[in-house]
Amino acid sequence: MPKQTALTPELQTYWSEVANTFFWKKKWESLQTGDFNDVDFKWFNGARLNITENCLDRHLEKRRNKKAIIFEPNNPNEAASFLTFGELHLSVCRFANLLKKKGIKKGDVVCFYMGMTPELMIGLLACARIGAIHTVVFGGFSPQSLRGRLDDSKAKLIVTHDGAYRGDKVTPLKSMVDEAVIDLTTLETIIVVKRTNNPIEMKAGRDFDYAELIKDCDLYCPAQEMEAEDPLFILYTSGSTGKPKGLLHTIAGYMVHVGKSFKDVFQIKENDIFWCTADIGWITGHSYLTYGPLLNGTTTVMFEGIPNYPTPARFWEVIEKHKISILYTAPTAIRSLEKFGPEIPESFPMKSLRVLGSVGEPINEEAWQWYHKHVGKNQCPIVDTWWQTETGGIMISPLAGITKLKPAHATLPLKGVEPILVDDKGNIINELVATGNLCIKTPWPSLARTIYGDHERFIQTYFSTYKGLYFTGDGAKRDEDGYFRITGRVDDVINVSGHRIGTAEVEEAINENPHVTESAVVGMPHPIKGQGIYAFVTCNDHLDNTEELEKAIRDTVTKIIGPIAKPDAIQIVEGLPKTRSGKIMRRILRKIVENDLDNIGDTSTLLNPDCVDKIIKGKKN
Ligand code: WT7
């Protein structure tokens, strides 16, 4: 029996109409099959295409000389540069030929561990051109994290920079790669793009200089004809266990939803200059810095630096300089600039701005108002876009200028997305005004298809908590207008500056420190980052100098995961609250950290009720 579709006839018509606006070498045989019970959903099966023809080739006739990428370097005194669609097409072909020359074939995995320069975006598209699978590892992850991802993905080749600029620092990426790949047999080749000219070592036969290789590569490379459900990329993200999950996205569904959602949410116009400030190492940088804009023939801005370098006026200067019409950034960035006062953005008219976007974490009302007033001058709608690495594209968001806004609300689902709220017992909440766990009822095209190499974990994580539904891990409220307000994670994931960090991952890292017996990590409210990391730690020996111990613990976490997971507060405790069966009661610790002492609940049944008072007394914030 051929599998049935989970979609209503109306949605089937909708998605086929959307898909028909893209370029296919061969159209699909079935639009959609499978559901959240079988967890084997397919979109556009039987179709053949190449996503880079949709991002590049099909624009050449009308947009060959239009800017595709504007590159704004870290240092404002270094000239900005740009690539037209025509030039980007040639660069992608050339990079694709370089990959081929190094033995990369359809289905091979290529890793990118780079700063934000155009070569990174070109590299991803080069993979897609020849059917290789890209996996980007954010440059803020440690060599050890990189190694874990290289090992899991079995990448054959990695592209890196000698170093990456970030503000006044240089991250020595190549030497970090060297450390990551020691005795790793699956990785064969390292390609180094020179950027900072810091000293590096090159191992003969394994390491190659990008500039040397690329100059002999041909400027044309035919687009490999791919199946709709062939993989496009793997992107790792944290979950509730220590091991990061490699979410696998496939070509056609990802393309259709990302392309369409970009166009609708931001209400894209031909002359837009779109700036997404995310790093390409995160899903936002994949979907709305790279693929979304290019699929729509939109000029996308790539920024190498950070919001407050050399001064907290940098964002506004970049907006004026490149006449940016849409700014898509994270609440953390807004809050970190807010603290320097409204005078700074107020001294920039930013007349080119038309739409503002927010992504990655709940935006608090104050930050929303500040963004609206001082950046958007009360003229620009803010689209608060809710989505996830897993969802591939935006799921709940206002459509710029169309949806009536409500500060701090992601508002309504995009067409084709069916969110529902479920109570803790798994019952669907039918009342309009409600609070619950956010689930999605039916498949949409850009949902990840699996966790690379571990489909069972994929099923367990997303489709087992509530049978037949996709569970997001977020809590949400729905109001009388049917508007959603995302309240944050309800699982063991912390959202630090819009980046997802698993508590288990941090705990495992902390426990590597030889002085540590046990640890429990919870999220704490943080005025800028949204959430910070609070670690409770028990030690196996008495140490006079806890400051030194705290430093050692932070160093351990930095070494194992990377600086982004460094705890903001560490409290050394005698004991952690545990149930009689020995399970750490993180819920209690969370209440303590949130200063919600009235809701700690009954602690008398704990194995060690005394520890709770002691922990409260020694609290760090
Ligand atoms: C988690 C996903 C979305 C791409 C970047 C992060 C939180 C994301 C919002 C929003 C409230 C949000 C959720 C989600 N989140 N956008 N507009 N309002 N929360 O992707 O690393 O996969 O994290 O970010 O908690 O589950 P990610």
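All residue numbers here refer to positions counted from 1 along the written sequence of the relevant chain. This being a predicted model, a pLDDT of at least 70 is required before a residue's local features are given, and a value of 80 or more before pairs of side-chain atoms are given or counted; all residues contribute to the totals for chains, interfaces and linings. Computation of side-chain values covers all heavy atoms of the structure but excludes hydrogens and water.

Just to check I follow, could you spell out the overall build of the protein chain for this structure?
A run of H or I in DSSP counts as a helix once it spans at least four residues, and a run of E counts as a strand once it spans at least two, with each numbered from the N terminus. What the protein chain contains, in helices and strands, is 19 helices and 30 strands. Between the two quantities, the radius of gyration covers C-alpha atoms and the globule rule is 2.2 Å times the number of residues to the power 0.38. Scaling as 2.2 N^0.38, a compact globule of 621 residues should have a C-alpha radius of gyration of about 25 Å, and the protein chain matches this with 24 Å. Along the longest, intermediate and shortest principal axes, the C-alpha atoms of the protein chain span 75 × 60 × 60 Å. Using a 1.4 Å probe on the protein chains alone, a residue whose accessible area is under 20% of its type maximum counts as buried, one over 50% counts as exposed, and one in between counts as partly exposed. The proportion of buried residues among the 621 residues of the protein chain is 61%. Excluding contacts between residues fewer than 6 apart, the proportion of contacts in the protein chain whose partners are at least 24 apart in sequence is 71%. For the accessible areas, the method is Shrake-Rupley and the probe is 1.4 Å, while residue cover comes only from the protein chains on display. Of the roughly 24400 Å² of accessible surface on the protein chain, 50% is carried by carbon and sulfur atoms. By the counting scheme adopted, Arg and Lys are positive, Glu and Asp are negative, and His together with the chain ends is not counted. Every charge is mapped to an atom, namely NZ of Lys, CZ of Arg, CG of Asp or CD of Glu. Separation of charge centres in the protein chain, based on 74 positive and 78 negative side chains, amounts to 4 Å. What makes two residues a contact is simply this: any of their non-hydrogen atoms within 4.5 Å.

Teacher, can you tell me more about the packing of aromatic side chains here?
Two aromatic rings, taken as a pair, are described by how far apart their centres are and by the angle between their planes. Any pair of Phe, Tyr and Trp rings, taking the six-membered ring for Trp, is counted once the centres come within 6.5 Å. Such a pair is stacked with planes under 30 degrees apart, edge-to-face with planes over 60 apart, and tilted for the rest. Scanning the entire structure with this criterion turns up 36 aromatic pairs. Ring plane angle 65 degrees and centroid distance 5.2 Å describe the contact between Trp28 and Phe44, whose orientation is recorded as edge-to-face. Of this pair, Trp28 sits in the loop between α1 (9-19) and β1 (30-33) while Phe44 sits in strand β2 (residues 42-45); the two residues are 16 residues apart in sequence, bridging distant segments of the chain. On the basis of relative accessibility, which here comes to 17%, the residue Trp28 falls in the buried class. Arranged with centres 5.0 Å apart and planes meeting at 75 degrees, the rings of Phe266 and Tyr328 form a pair that is edge-to-face. With Phe266 in helix α9 (residues 251-266) and Tyr328 in strand β18 (residues 326-329), this pair connects stretches of sequence that are 62 residues apart. Positioned above the aromatic ring of Phe82 is the side chain of Lys67, whose terminal nitrogen or guanidinium carbon lies 4.6 Å from the ring centre. The ring of Phe141 carries Arg149 above its face, with NZ or CZ at 4.3 Å from the centroid. Any Lys NZ or Arg CZ that is within 6 Å of a ring centre and within 35 degrees of that ring's normal is treated as a charge sitting over the ring.

When you look at the domain arrangement of the protein chain in this model, what are you seeing that I'm missing?
Often the size quoted for an interface is simply the accessible area lost on bringing the parts together. Taken domain by domain, the protein chain holds domain 1 (9-384), domain 2 (419-489) and domain 3 (496-618). What fixes the domain bounds is an automatic or database domain assignment. Using C-alpha coordinates to define each centre, domain 2 is positioned 28 Å away from domain 3.

Got a minute to help me understand the nonpolar core in this structure?
Soluble globular proteins: nonpolar side chains tend toward being buried together. In terms of nonpolar packing, the biggest core is built from 114 residues, with Trp24, Phe44, Phe266 and Tyr291 touching the most fellow members. Counting residues domain by domain, this core receives three or more from each of domain 1 (9-384) and domain 2 (419-489). Beyond its immediate chain neighbours, meaning those up to four positions away, Trp24 contacts Ala19, Phe44, Ala47, Arg48, Leu49, Ala252, Met255 and Val256. The next biggest cluster of nonpolar side chains, apart from the first, holds 43 residues, and it includes Ala155, Leu173, Ala180 and Ile510. What makes a nonpolar core is a set of buried Ala, Val, Leu, Ile, Met, Phe, Trp, Tyr and Cys residues whose side-chain atoms join them at distances within 4.5 Å.

Would you take a moment to explain the site of the ligand for this structure?
When we say a residue is near a molecule or strand, we mean one of its heavy atoms is within 4 Å of it. Near the ligand you find 17 residues, and of these Asp384, Thr385, Thr389, Asp474 and Arg500 are the closest. A distance of 3.4 Å separates a nitrogen atom of the ligand from a polar backbone atom of Pro362. In protein, a polar contact means a hydrogen-donor-capable atom and an acceptor-capable atom, both N or O and within 3.5 Å, with residues adjacent in sequence counting only if both atoms are side-chain atoms; elsewhere, any N or O pair within 3.5 Å suffices. Within the side chain of Asp474, an N or O atom sits 2.6 Å from an oxygen atom of the ligand. Protein chains bury 97% of the 550 Å² of accessible surface belonging to the ligand in isolation. Elements that contribute at least two residues to the shell around the ligand include exactly α10 (283-295), β20 (382-385) and β25 (484-489).

Honestly, the sheet that holds strand β4 (residues 67-72) in this entry has me stumped. Any pointers?
Working definition: the strands of a sheet are paired by backbone hydrogen bonds and lie parallel or antiparallel to each other. Two strands make a pair as long as DSSP finds a minimum of two bridges between them. The mixed open sheet is built from seven strands, whose spatial order is β5-β4-β17-β16-β18-β19-β20. The open sheet has two free edges, formed respectively by β5 (81-84) and β20, since each of these has just one partner strand. Put simply, the sheet's adjacent strands are angled 20 degrees from each other on average, direction ignored. Bridge analysis of strand β16 (residues 273-276) against strand β17 (residues 299-303) gives three bridges, and the strand direction is parallel. Counted as the bridge partner of Ile273 is Thr299 from β17. Note on geometry: axes are lines fitted to C-alpha atoms, helical ones only across the stretch in contact, with angles between N-to-C directions running from 0 to 180 degrees.

What exactly am I supposed to notice about the sheet that holds β25 here?
One open sheet holds the four strands; their spatial order is β21-β22-β24-β25, and the pairing between them is antiparallel. A single partner strand is all that each edge strand has here, and the edge strands are β21 (419-422) and β25. Neighbour to neighbour, the strand axes of the sheet diverge by 45 degrees on average, direction disregarded. One ladder, built from four bridges, connects β21 with strand β22 (residues 434-440); its direction is antiparallel. Following the sheet pairing, Leu421 is matched in β22 by Leu438.

Would you mind going over the environment of Val256 with me for this structure?
Looking at the element boundaries, Val256 is found in helix α9. Judged by its relative accessible area of 0%, Val256 falls in the buried class. Measuring from C-alpha to C-alpha, the distance between Val256 and Ser145 comes to 32 Å, with 111 residues separating the pair along the chain. Each residue touching Val256, except ones within four places of it in the same chain, is listed here: Trp15, Val18, Ala19, Phe22, Trp24 and Phe44.

Would you take a moment to explain helix α18 (residues 586-593) for this structure?
Side chains of residues three or four places apart in an α-helix project in the same direction, reflecting 3.6 residues per turn. Regarding α18, the residues found buried are Arg586, Ile588, Leu589, Ile592 and Val593. Seen end-on, α18 carries its buried residues on one side only, within an arc spanning 155 degrees. Looking at the buried residues of α18, the elements they touch are α16 (503-511), β28 (516-526), β29 (530-539) and α19 (610-617). Phi turns positive, to about 60 degrees, at Asn595, one or two residues after α18. Arc definition: it is the arc formed by the directions from the helix axis to the C-beta atoms.

Help me understand the state of the cysteines in this model?
By definition, a disulfide links the sulfur atoms of two cysteine residues through a covalent bond. Cysteine sulfurs are considered disulfide-paired once they come within 2.5 Å of each other. Applying the stated rule across the entire model yields zero disulfides. Unpaired in terms of disulfides, Cys93 finds its nearest cysteine sulfur in Cys221, a separation of 5.6 Å. Given a relative accessible area of 0%, Cys93 falls into the buried group. This cysteine, Cys539, is not joined by any disulfide, and Cys611 carries the nearest cysteine sulfur, 15 Å off. On the accessibility criterion, Cys539 (23% relative accessible area) is partly exposed.

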